[in-house]
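Chain by chain, the residues:
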Amino acid sequence: MNDPVRSPDITTSLPPQIRPPKTRSQPGFSRTGLLFLALGVAGLCLPLVQFKANRIVLGEGFLLPAALPDVGWAIALLLALILGTALWQRLPLMPRLGLALLGLAGTVLALGFAAKGLVPQGNTIARAAPAAGFWLLCLTFALMAADALSRMGLSRPARWLALGLSLALIALCLGSGVLDQTSVMVEYAARADLFRRSLGQHLTLAFGSLAMALVVGLPIGIAIFLTPALRRGVLGALNLLQTIPSLALFGIMIPIFGWIAANVPGAAQIGVAGIGIFPALMALFFYALLPVVSNTLVGLTAVDPAVRDAAFGLGLTRRQVLLQAELPLALSVILAAVRIVLVQNIGLAVIAGLIGGGGFGSFVFQGLNQTAMDLILLGALPTIMLALVAGVALDLLVEAVSPKKGNQT
Amino acid sequence: MIARLLLALAALFLVAFLLSPESFAALFQPLTKNGAPPIYTQTALLSLTLSHLGLVALAVLASTIVAVGLGVLVTRPAGAEFLPLARVITSVGQTFPPVAVLALAVPAMGFGAGPTLVALFLYGLLPIFENTLTALQNLPPSVTEAARGMGLTRRQRLFQVELPLALPVILAGVRLTAVISLATATIGSTVAARTLGEVIIAGLLSANTAFVVQGGLIVGLIAVLIYEGFQLAESAAARRTGQRLSD
């Protein structure tokens, strides 16, 4: 009623390209299924696992049937069957998701057992690394699962549950020891302590810089909301900061904070340093400022003037209006900034590895230096996992605090 | 006005610095220690900049073609089935850290410009695709209806109505991609691509702040100029369709 552009009637007058596909002639098979089948078959035709005499040399690839002497053909057939069912358009979403997960499990188990079979008992130099076929199969089944999940239109609690269950499944898979003989896990086993420390550093970098950005950025955002004259200058400066390439910003922090630590009395005592984790933390903090400040401003500006007037009309002071009316209403936009910052900083924290700031980046760059693929994966995969989980979890949080449509006024 | 002037000055400084870096040596001298060279001379800064820009331009061009193509495809009836999947891929893909994508491309492609190009291309797809999708799905229904009522064929509607209307938003996606790629390409030099990151890394390795600053300065200035250039193009595209609509 109040918003005619978004009234539901509009869907019926939409041009055909935006209407759901059902109005078209039905091909009888699922087109996305065809894509999955093509990807999956390519995955089956590429080596599943690569056997290397040591961690650096190029290895010999094994297809799934060859990698698992007895049951290889059966598993390959099973995976192919699952891919085939994706073609069936009428297949309900729940079984579709189940089959995709079964395919994923089959692929991962096949890799684990193939690695156990290929690496001779007691040989600590040989490596069985996941190869192109494994990644392609994983991608295919993950896409199948994601496609089914997104079509289900799950409620928010169900999506939290799905996130929790997938994490539990991954933990189970890594904890059960099935994958222990694969190259990445071998690298992990050799560095379990270091890995835990790197995880701690990585989280410190991402969350520490976020916390600092919130502590500093929220007041700045509020200040430029209250004093519009400052907006241009502050946002311009922060925008400029954002254009400095991450590599250079990380690099510049070292001499700056090294100088401060050496010349400002008391700075070194409170932890300021030109080496270690501190310069990386500050670089991430500077990158995080713009999203926090600008979203705080946008969120506060977007508050309905009627709400503000009503609050003033109730006799609240400026401070009370800000704390009790405006900030709570701006919360979803500010949380959106938290999502942006967290995902971005988890990724950028990798660069800290290059300037001695620790984190998973140290594995990535060490791996690049030694051309040791498994080490690169040991750094890159957990980083991607962290970013993904942070992204999904914060999306759900943002949705939870967003004002529901049609519920306002 | 002042902003324009500053931009012009920045562009002028950039060109002058790239053509004759040595004349700015005094500017960077205070940043060096123990008589280290103030200007990176291992490779000419101009040639590094050109190779950096070439890499970014190639990647952005490829991502634009593929992403706009895919965006058009999933908004047609034949590709509508892919829409939910495409949405998931874009939102998930954008959480992938660019550095990780770059690192993962190395084993597949070896060292050099290859993995950088692939990582930039893949990562650049997402903002453009997302914007193409948003633009094509939020066209004013009255205009698309009118185009249909005029008897335009599907192809004519796409090329004469939908794409021109979507152009400003698509360009905004390309701008985002270009700026991200420009910064990510510097990391490419850790995998031996010839980019301005080489200067920064040389500075990091020899603790020469002058190198770090000049590498960062060049990339930053180019990013600002590209950003502003695209914004001009976007408003020009918006004006163009605005005029056409009022005709």
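Residues numbered from 1 in each chain as written. Chains lettered and ligands numbered in written order. Predicted model: local features only at pLDDT ≥ 70, side-chain atom pairs only at ≥ 80, totals over all residues.

**Quick look at the overall build of chain A**
Along its length, chain A carries 15 helices and three strands. The burial tally for chain A puts 40% of its 409 residues in the buried class. In chain A, 74% of the contacts between residues at least 6 apart in sequence involve partners at least 24 apart. (Helix = DSSP H or I, 4+ residues; strand = E, 2+ residues; numbered from the N terminus. Buried ≥ 20, exposed ≤ 12 C-beta atoms within 10 Å, placed from the backbone. Contact = placed C-beta atoms within 7 Å.)

**Focus on the overall build of chain B**
The secondary structure content of chain B amounts to 10 helices and zero strands. In chain B, the order of α-helices and β-strands from amino to carboxyl end is α-α-α-α-α-α-α-α-α-α. By principal-axis analysis of the C-alpha atoms, chain B measures approximately 75 × 50 × 25 Å. In chain B, which comprises 247 residues, the share counted as buried stands at 45%. Once local pairs closer than 6 in sequence are excluded, the contacts in chain B between residues at least 24 apart make up 72%.

**A closer look at the pairing of strand β3 (residues 127–130) of chain A**
All names here are of chain A. Side chains of β3 alternate between two faces, with Arg 127 and Ala 129 and Ala 128 and Pro 130 buried alike. Two elements, strand β1 (residues 49–52) and β3, share four bridges in a ladder whose sense is antiparallel. When the sheet's bridge partners are listed, Phe 51 is paired in β3 with Ala 128. (Pairing = 2+ DSSP bridges.)

**What about the interface of chain B and chain A?**
Taken together, the contacts link 44 residues of chain B with 46 residues of chain A. Residue assignment for the side of chain B that touches chain A shows that the elements contributing at least two residues are α4 (83–93), α5 (98–109), α7 (141–149), α8 (154–187), α9 (197–205) and α10 (209–246) of chain B. The biggest single contributor to the side of chain B that touches chain A is α10(B), with nine residues. Partitioning the side of chain B that touches chain A into residue classes produces 27 nonpolar, 12 polar and five charged. (Nonpolar A, V, L, I, M, F, W, Y, C, P; charged D, E, K, R; others polar.)

**A short note on the sheet that holds β3(A)**
To summarise the sheet geometry, strands pair through backbone hydrogen bonds and adopt either a parallel or an antiparallel arrangement. All names here are of chain A. On the basis of which strands lie adjacent, the open sheet formed by three strands has the order β2-β1-β3 and antiparallel pairing. Edge positions in the open sheet fall to β2 (60–62) and β3, since each of these has one partner strand only. Ignoring strand direction, the axes of neighbouring strands in this sheet form an average angle of 30°. Sheet analysis places β1 next to β2, joined by three bridges and oriented antiparallel. Paired with Val 49 across the two strands is Phe 62, which belongs to β2. (Axes fitted to C-alpha atoms, helices over the stretch in contact; angles between N-to-C directions.)

**Topic: the domain arrangement of chain A**
Residues and elements named next belong to chain A. What the domain assignment lists for chain A is domain 1 (17–185) and domain 2 (192–401). The distance between the C-alpha centroids of domain 1 and domain 2 comes to 35 Å. At the level of elements, β3, α6 (156–175) and α7 (183–190) are the ones that each hand at least two residues to the side of domain 1 that touches domain 2. Classifying every residue of the side of domain 1 that touches domain 2 gives six nonpolar, one polar and four charged. (Domains from an automatic or database assignment.)

**Side note on unusual backbone geometry**
The phi dihedral of A:Thr371 falls on the positive side, at around 45°, and the residue is not glycine. Position of A:Thr371 relative to the elements: it lies in the loop between α14 (361–369) and α15 (373–401). Of note in this structure, B:Ala207 is not a glycine but carries a positive phi near 50°. Inspection of the secondary structure puts B:Ala207 in the loop between α9 and α10.

**Focus: the environment of A:Ala211**
Residue placement: A:Ala211 occurs in helix α8 (residues 192–226). Looking at A:Ala211, the number of C-beta atoms within 10 Å reads 12, which means it is exposed.

**Some points on the nonpolar core**
When a protein is soluble and globular, its nonpolar side chains tend to lie buried together. Residues A:Leu48, A:Val49, A:Ala114, A:Leu284, A:Ile376 and B:Ala103 are the most contacted members of the largest nonpolar core, which totals 176 residues. Among the elements that take part in this core, helix α11 (residues 277–301) of chain A stands out by supplying 15 residues, more than any other. When we break this core down by domain, the ones giving at least three residues each are domain 1 (17–185) and domain 2 (192–401) of chain A. Excluding residues within four positions of it along the chain, A:Leu284 makes contact with A:Leu205, A:Ser209, A:Asn345, A:Leu348 and A:Ala349. (Core = buried A, V, L, I, M, F, W, Y, C linked by C-beta atoms within 7 Å.)

**Focus on the confidence of the model for chain A**
All names here are of chain A. Looking at chain A, the pLDDT average stands at 85 and 92% of residues meet or exceed 70. Mean pLDDT across the elements of chain A ranges from a minimum in helix α2 (residues 64–67), with 84, to a maximum in α8, with 95. Here residues 1–25 is modelled with pLDDT under 50, and outside its nearest four sequence neighbours on either side it reaches 19 contacts, counting other chains as well. Counting contacts from residues 405–409, a segment whose pLDDT is below 50, to residues more than four positions away or on other chains yields one contact. (pLDDT = per-residue confidence, 0-100.)

**A closer look at the packing of helix α3 (residues 45–74) of chain B against α8(B)**
Residue and element names in this part refer to chain B. Following both chains from N to C, one finds α3 and α8 inclined at 145°, their axes separated by 9 Å at the closest point. Every pair of crossing elements has a handedness; the one defined by α3 and α8 is right-handed. Here His 52, Leu 55, Val 56, Ala 59, Val 60, Ser 63, Thr 64, Val 68 and Val 72 of α3 come into contact with α8, specifically with Leu 158, Ile 170, Val 174, Thr 177, Ala 178, Ser 181, Leu 182 and Ala 185. Partitioning the contact of α3 with α8 into residue classes produces 12 nonpolar, five polar and no charged. (Left-handed = near helix turned anticlockwise from the far one by under 90°.)

**So, the packing of helix α10 (residues 246–263) of chain A against α9(B)**
One way to put it is that α10(A) packs onto α9(B) with a least axis distance of 10 Å and a crossing angle of 20°. As judged from the angle between their axes, α10(A) and α9(B) are roughly parallel. Helix-helix and strand crossings are classified by hand; for α10(A) and α9(B) the assignment is left-handed. Here α10(A) contributes A:Leu247, A:Ala248 and A:Gly251 to the contact with α9(B), which in turn contributes B:Gly197, B:Ile200, B:Gly203 and B:Leu204. Along the lines of polarity and charge, the residues of the contact of α10(A) with α9(B) split into four nonpolar, three polar and no charged. (Parallel < 35°, antiparallel > 145°, perpendicular 65-115°, else oblique.)

**A word on the confidence of the model for chain B**
Residues and elements named next belong to chain B. Of all residues in chain B, 98% attain a pLDDT of 70 or more, and the chain-wide mean is 86. Between the elements of chain B, mean pLDDT differs from a low of 80, seen in α5, to a high of 93, seen in α3. Residue range residues 243–247 is modelled with pLDDT below 50. Its contacts to residues more than four positions away, or to other chains, number zero contacts. Prediction confidence for the complex, expressed as pTM and ipTM, is 0.85 and 0.82 respectively.

**Overview of the environment of A:Arg151**
Residue and element names in this part refer to chain A. Tracing the backbone shows Arg 151 in helix α5 (residues 132–152). Residue class for Arg 151 comes out partly exposed when judged on the 15 C-beta atoms lying within 10 Å of it. In this structure the C-alpha to C-alpha distance between Arg 151 and Leu 93, which are 58 residues apart in sequence, comes to 7.5 Å.

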